[in-house]
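# Structure assessment
Here is what each chain is made of, one letter per residue.
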2 protein chains.
Amino acid sequence: MQPITRIRSWMEEHKEEAITLLQQMVQCESTQGNEEEVQQIVANKLSAIGFDVDVWDIGGDELLEHPYFYSPRQSFKGSPNVAGRLKGKGGGKSILLNGHVDVVPAGDTKQWTYPPYSGHIINGRLYGRGATDMKGGNVSLLFALEALHALQIPLKGDVVFHSVVEEESGGAGTLAAILRGYTADAAIIPEPSHMKIFPIQQGSKWFRLHIKGRAAHGGTRYHGVSAIEKSTIVLSHVAALEEKRNQRITEPLFQHIPIPIPINIGKIQGGDWPSSVADLVTMEGRLGVMPGETVDQAEKELEHWMAGLGEKDEWFKEHPVEVEWFGARWLPGSIDSDHPLLGLLKEQYEAVMKQPPKVEAAPWGTDGGLLSQAAGIPIIVFGPGTTELAHFPNESIDIDHVIEAAEIIAGTMVEWCEAAE
Amino acid sequence: MQPITRIRSWMEEHKEEAITLLQQMVQCESTQGNEEEVQQIVANKLSAIGFDVDVWDIGGDELLEHPYFYSPRQSFKGSPNVAGRLKGKGGGKSILLNGHVDVVPAGDTKQWTYPPYSGHIINGRLYGRGATDMKGGNVSLLFALEALHALQIPLKGDVVFHSVVEEESGGAGTLAAILRGYTADAAIIPEPSHMKIFPIQQGSKWFRLHIKGRAAHGGTRYHGVSAIEKSTIVLSHVAALEEKRNQRITEPLFQHIPIPIPINIGKIQGGDWPSSVADLVTMEGRLGVMPGETVDQAEKELEHWMAGLGEKDEWFKEHPVEVEWFGARWLPGSIDSDHPLLGLLKEQYEAVMKQPPKVEAAPWGTDGGLLSQAAGIPIIVFGPGTTELAHFPNESIDIDHVIEAAEIIAGTMVEWCEAAE
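Parameters and conventions
Residues numbered from 1 in each chain as written. Chains lettered and ligands numbered in written order. Predicted model: local features only at pLDDT ≥ 70, side-chain atom pairs only at ≥ 80, totals over all residues. Heavy atoms only, no water. Domains from an automatic or database assignment. Contact = heavy atoms within 4.5 Å. Salt bridge = Lys/Arg side-chain N within 4 Å of Asp/Glu carboxyl O. Polar contact = N/O pair within 3.5 Å; in protein donor to acceptor, adjacent residues only side chain to side chain. Helix = DSSP H or I, 4+ residues; strand = E, 2+ residues; numbered from the N terminus. Nonpolar A, V, L, I, M, F, W, Y, C, P; charged D, E, K, R; others polar. Least-squares fit on C-alpha atoms with pLDDT ≥ 70 in both. Pairing = 2+ DSSP bridges. Axes fitted to C-alpha atoms, helices over the stretch in contact; angles between N-to-C directions. Phe/Tyr/Trp six-rings, centres within 6.5 Å; stacked < 30°, edge-to-face > 60°. Buried < 20%, exposed > 50% of the residue type's maximum accessible area, 1.4 Å probe, protein only. Expected span 1.5 Å × (residues − 1). Buried area = accessible area lost by both parts, 1.4 Å probe.

## As for the domain arrangement of chain A
Residues and elements named next belong to chain A.
- Domain assignment breaks chain A into domain 1 (3-201 + 332-418) and domain 2 (204-329).
- With 18 residues of domain 1 at the interface, the matching set in domain 2 holds 13 residues.
- Remark: the boundary between domain 1 and domain 2 carries 0 salt bridges.
- Here domain 1 and domain 2 share 3 residue pairs in polar contact (both at pLDDT 80 or more) between them.
- Broken down by secondary-structure element, the contributors of at least two residues to the side of domain 1 that touches domain 2 are β8 (197-201), β13 (333-334) and β14 (359-362).
- Taken together, the residues of the side of domain 1 that touches domain 2 break down into 11 nonpolar, 6 polar and 1 charged.

## A closer look at the relation of the copies chain A and chain B
- Screw-axis analysis of chain A against chain B gives a translation of 0.2 Å along the axis, an RMSD of 0.1 Å, and a rotation angle of 180 degrees. Expressed as a symmetry operation, the mapping of one chain copy onto the other fits a two-fold axis. Residue Gln269 of chain A, judged by its C-alpha, is the member of chain A lying nearest the rotation axis, at 2.2 Å.
- Interface overlap between copies is the fraction of interface residues in one copy that are interface residues in the other; for chain A against chain B it reaches 100%, indicating a shared surface.

## With respect to the sheet that holds strand β4 (residues 121-122) of chain B
Residues and elements named next belong to chain B.
- With respect to topology, 3 strands assemble into an open sheet ordered β4-β5-β16, the strand pairing being antiparallel. Because the sheet does not close on itself, it has two edges, and the strands there are β4 and β16 (396-398).
- As paired strands, strand β5 (residues 125-127) and β16 are joined by 3 bridges and run antiparallel to one another. Each bridged residue has a counterpart across the sheet, and for Leu126 the counterpart in β16 is Ile397.
- Sitting on the sheet, helix α1 (residues 3-27) is in contact with β4, β5 and β16, with an inclination near 20 degrees to β5.
- Running at roughly 45 degrees to β16, helix α4 (residues 131-150) makes contact with β5 and β16 of the sheet.

## Let's talk about the packing of aromatic side chains
- By the definition in use, this model includes 22 aromatic pairs over all chains.
- With 6.1 Å between their ring centres and 25 degrees between their planes, Trp56 of chain A and Tyr182 of chain A make a pair best called stacked. With Trp56 of chain A in strand β1 (residues 52-56) and Tyr182 of chain A in the loop between α5 (172-179) and β7 (186-189), this pair connects stretches of sequence that are 126 residues apart. With respect to burial, Trp56 of chain A and Tyr182 of chain A carry one shared label: buried.
- Feature note: the residues Trp206, Phe326 and Trp330 of chain A together with Trp273 of chain B constitute an aromatic cluster, connected by ring pairs.

## Re the pattern of salt bridges
- As enumerated under the stated definition, the model contains 46 salt bridges over all chains in all.
- Notably, a salt bridge pairs Glu293 of chain A with Arg245 of chain A, separated by 2.4 Å at the nearest N-O pair. Residue Glu293 of chain A is found in the loop between β11 (280-289) and α7 (295-307), and its partner Arg245 of chain A is found in helix α6 (residues 227-247); the two are separated by 48 residues along the sequence. Like Arg245 of chain A, Glu293 of chain A is buried.
- With its nearest N and O atoms 3.6 Å apart, the salt bridge here joins Lys87 of chain B to Asp158 of chain B. Linking Lys87 of chain B in the loop between β2 (81-86) and β3 (95-100) with Asp158 of chain B in the loop between α4 and β6 (159-164), this pair joins segments that are 71 residues apart in sequence.
- According to the relative accessible area criterion, Lys87 of chain B is exposed, its value standing at 60%.
- Classification of Asp158 of chain B as buried rests on a relative accessible area of 13%.

## Topic: helix α9 (residues 340-353) of chain B
All names here are of chain B.
- Given a rise of 1.5 Å per residue, 14 residues ought to cover 20 Å, and the 20 Å separating the end C-alpha atoms of α9 matches this to within 8%.
- Where α9 is buried, its residues touch α1, β3, β7 (186-189), β8 (197-201), β15 (379-382) and α11 (399-418).
- Just past α9, the residue Lys354 takes up positive phi, approximately 60 degrees.

## Considerations on the interface of chain A and chain B
- Counting residues at the interface gives 38 residues for chain A, matched by 38 residues for chain B.
- Together chain A and chain B conceal approximately 3200 Å² of surface at their shared face, both sides included; 66% is due to carbon and sulfur atoms.
- Area buried by chain A at its contact with chain B is led by Tyr222, Ile268 and Pro274 of chain A, which between them contribute 20% of it.
- Joining chain A to chain B, the criterion identifies 2 salt bridges.
- Across the pair Glu242 of chain A and Arg221 of chain B runs a salt bridge, and its minimum N-O distance is 2.6 Å.
- Inspection of the region where chain A meets chain B yields 8 residue pairs in polar contact (both at pLDDT 80 or more).
- The leading source of residues in the side of chain A that touches chain B is strand β10 (residues 263-270) of chain A, at 8 residues.
- Considered class by class, the residues forming the side of chain A that touches chain B number 18 nonpolar, 14 polar and 6 charged.
- Pairing between β10 of chain A and strand β10 (residues 263-270) of chain B: 3 bridges, direction antiparallel. Bridged to Ile268 of chain A within β10 of chain B is Gly270 of chain B.

See below:
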């Protein structure tokens, strides 16, 4: 019997174990600072499968002073990272499997039908914070490894595992795992792509724009300059930059996407009195970053563009819009379109799902950007779960997709790392 | 010697008394709820001049249920109103002198060079919260009355005095004085017009606009509808209404004013995350109201105009902008351009200041709107002090203007109410 067929049979028989594992992991309230319990479950599972397991508190100068380090905190007590290596028999290519265990807070629990950390199952879906982002994907990885272990299918290449913290806050966990030497020839991250294959992922950076005006009484508003009125000019200027940046894109994976790398203004606030002319408006937005450009290049382009506002409106010559960069940075990630891992993953998808995969560009960044840019590791995002449900009340995941993703990933590992016997 | 000449001489001799009175009044911290002390000073002064003085706590159903009543509070303990009448000898026209004693809070006292209730005098200016808005004007009234009393110049017509609370919060003090019967044939309010004569005063009403969008992730912003983007359409729609309303204005007093009745959007707030598409933007603004139209007519026009947004953009057909009215209402006030009181005031101005007065439309409302609309009393705003300094740190007033205004008002009363001898 082919390994692929054996994997399928084994998974069908042991499906309940995967569901139980996912339930246990979802029941851990692993918000920032509280990841220890779920990491212990992952570490135990990896040990049982034969991994050399490494559990450590991230930190130290090398991490904190790294140019790609970003986190709102400096101490990571209570948030251990887990990584491990399953040595191959030799002569094969290595693979890195990366998943994060930190989850965003549940928010208003009254908006949840079941308690947010229940792991309740109904109609083939498992509910709870982190189910889709991304404990479902983590279970796909662990279930794939468990199948290979149980079926005694050793691989030639090494399997490296990252079970990281801090993905939701800037990627310090993945960066720490890279710095500790846990790298490989290529990587898969099962973030919720809704079973689509994302060979490239858009990066992004947050920014703040400060638009100045001149205060006056509203009854004589012609004596002032409204920062709110000036904001409409800034908004159309930002839209023009978005158009310009997107016109440059030739990558075929973006061809069906209306705006490959959007610039989104998500927040606006200005003025403090209805009958005064507003002298300041602040807007916050997200600048999409193309794989192939650096975040730094994108930042410079926005800054330069905003400095050109004076040509549209004299006011900005003496009162330039101030650009401030803040919050996390998500690096773009990618794998070459002819990379063999990509071909193998597509084949395995088709074998399991009996239809060709959807291959697209991810509209958001993951820790894959760090793997690409800080470690030069080609990276594919492919996983169960849907982005639309992430971070919302009643987050849930289709259990069948968790199992199917496990089967596809197990098959891909067998081909990429090569079965040793 | 003419009464006018005698008034001037007396005022020059007694100028220091006016300054001391203004200092005493400014030293009373008469913010909302704390007007008792300053009202006692006014009441004593009126009694000494020969007025029948009435001090009372405003309130009661007639006031609270009046269509023009507005106040953030329902109880006015600690905030007595003062009114009084100086009976004339008979056969003359009566005049109403109205001033408010409530002041807005001092704000950040660190921004004041002298303590905000010091009454400090430097270079001919008296400093303190309320100096310009409008205790300086109140002293002009009292000093004018004192001169007539000291010089024994009795008038044929009655003089009615309002020393009111609540002007800064909606005019409940003036409304209460009207309801208590303190009315007259015409009125002067010495709000800080910077010695200009304002025969008409713009009214205003605050509003809130709620602009809806549809949320989405910023990386796929094309799946959402940005309330921030839609706001720019709303802003230009509001600007078009402002233009339309101002084109209708034929009043000559507005001819040199760039925008006679502005619609000012003073505050904007929307969205809550840089990388989400904003699903709600709220804007707050001030709708200028023309003398000759009611606030209700102006409100209806704005509501009807916003309902027409669907013709500019389909989105608004299913997601109309919601218009909310909030905060205080300032009624427009006016006096006919050929009203004899206006002619007399201009003559007296020219006699005292040796130059023709500037006659303009006020860009803001006062309690004069209540006098016009609730009591049918023609009203002129004319006083020392400048709006630009009102409500700001280091509020101050030119003392000479206080005295000059007193002289002009005294002369006007002599002509309007007629000297009895």
